[in-house]
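Breakdown of the fold
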Amino acid sequence: MFGRRMLISADGWFEWTGEVGDKQPWFIHGKDDALLYMAAITAWQPGKADDVEHGFAIVTDASAGGMVDIHDRRPVVLTPEAAREWTSPDTDIESALELLSTARPETAFTWHPVTRQMGNVEYQAPNTDHPTAI
C-alpha cells in the first residue's frame, strides 16, 4: 500500500539510557527551542479505521556525534522549508527521499536528564522536560 507523507510536530522527544529498572530519561530538543517537524508516513485514509494498519510511523535515521550516547537512532527532523516540501503532493518520491538526507544535524539539538518519575504513566506533572541532576 502506498504510504502518505506527514509531519509530527513536537517540542522535543524523550529517550532513556541505563539498565532495566534503573533507566534515566533524557529530553532532546532543538537548541533554538523552535518547534520540531519530524518526517512521518501513514497509511491512514479518510473513512478508514483508526487501527495499527492505518496508523503512522516517524521516520528515523542513525544518530551521530554525542547523541549516540543517548540513543543510536533519532527522528528525522526537517527544517520548516523541507517540511513544507515533504508534505507537498507535488513532491515526487525521489525528491522526498532526498529531503530525508537534509535533516537537521545532531549539532542543532541539546539534551538533558529529566525526572525519572516521568517514566510512570501516572506522573502527569508539567515539569517532565525540565532539567534535573543525575
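Refer to the preceding data block for the structure.
I will try to describe carefully the structure that is included in this document. Keep in mind the model is a prediction, meaning the values are calculated, not measured.

All right, on to helix H1 (residues 80–87) then. For H1, the complete set of buried residues consists of Ala82, Ala83 and Trp86. Angular distribution of buried residues about the axis of H1 spans 105 degrees; they occupy a single face of the element. Exposed positions of H1 whose direction lies more than 90 degrees from the buried face are Glu81 and Arg84. For H1, the secondary structure elements touched by its buried residues are strand E1 (4–10), strand E4 (36–42), strand E8 (77–78) and helix H2 (93–100).

To continue, consider the pairing of E4. Taken across its seven residues, E4 has five buried, putting it largely inside the fold. Sheet topology note: the E1/E4 ladder contains seven bridges and is antiparallel. What sits directly across from Ser9, in E4, is Tyr37. As defined by bridge partners, E4 adjoins strand E5 (residues 56–58) across three bridges and the pair is classed as antiparallel. Bridge assignment links Thr42 to a residue of E5, and that residue is Phe56.

Attention now moves to the environment of Thr132. Secondary-structure assignment places Thr132 in the segment after strand E9 (109–113). Classification of Thr132 as partly exposed rests on a relative accessible area of 34%. Between the alpha carbons of Thr132 and Arg116 there is a distance of 9.1 Å; along the sequence they are 16 residues apart. Ignoring anything within four residues of it in the chain, the contact list for Thr132 reads Pro113, Val114 and Thr115.

Our focus in this paragraph is the pattern of salt bridges. A full pass over the atoms with the stated rule returns three salt bridges. Between Arg104 and Asp32 there is a salt bridge whose closest N-O contact spans 3.5 Å. Residue Arg104 is located in the loop between H2 and E9, and its partner Asp32 is located in the loop between strand E3 (24–30) and E4; the two are separated by 72 residues in the primary sequence. On the basis of relative accessibility, which here comes to 49%, the residue Asp32 falls in the partly exposed class. Two residues, Arg74 and Glu106, come together in a salt bridge whose shortest N-O distance is 2.7 Å. Remark: Glu106 occurs in the loop between H2 and E9 and Arg74 occurs in strand E7 (residues 73–75); sequence separation between them is 32 residues.

Turning next to the sheet that holds E9. Strand order in the open sheet formed by three strands is E2-E3-E9, and the pairing between neighbours is antiparallel. At either end of the open sheet lies a strand with only one pairing partner, and these are strand E2 (12–17) and E9. Direction aside, neighbouring strands of the sheet carry axes that sit 25 degrees apart on average. Note: E2 against E3, six bridges, orientation antiparallel. Bridge assignment links Trp16 to a residue of E3, and that residue is Pro25.

Analysis parameters
Residues numbered from 1 in each chain as written. Predicted model: local features only at pLDDT ≥ 70, side-chain atom pairs only at ≥ 80, totals over all residues. Heavy atoms only, no water. Buried < 20%, exposed > 50% of the residue type's maximum accessible area, 1.4 Å probe, protein only. Helix = DSSP H or I, 4+ residues; strand = E, 2+ residues; numbered from the N terminus. Arc of directions from axis to C-beta. Contact = heavy atoms within 4.5 Å. Pairing = 2+ DSSP bridges. Salt bridge = Lys/Arg side-chain N within 4 Å of Asp/Glu carboxyl O. Axes fitted to C-alpha atoms, helices over the stretch in contact; angles between N-to-C directions.

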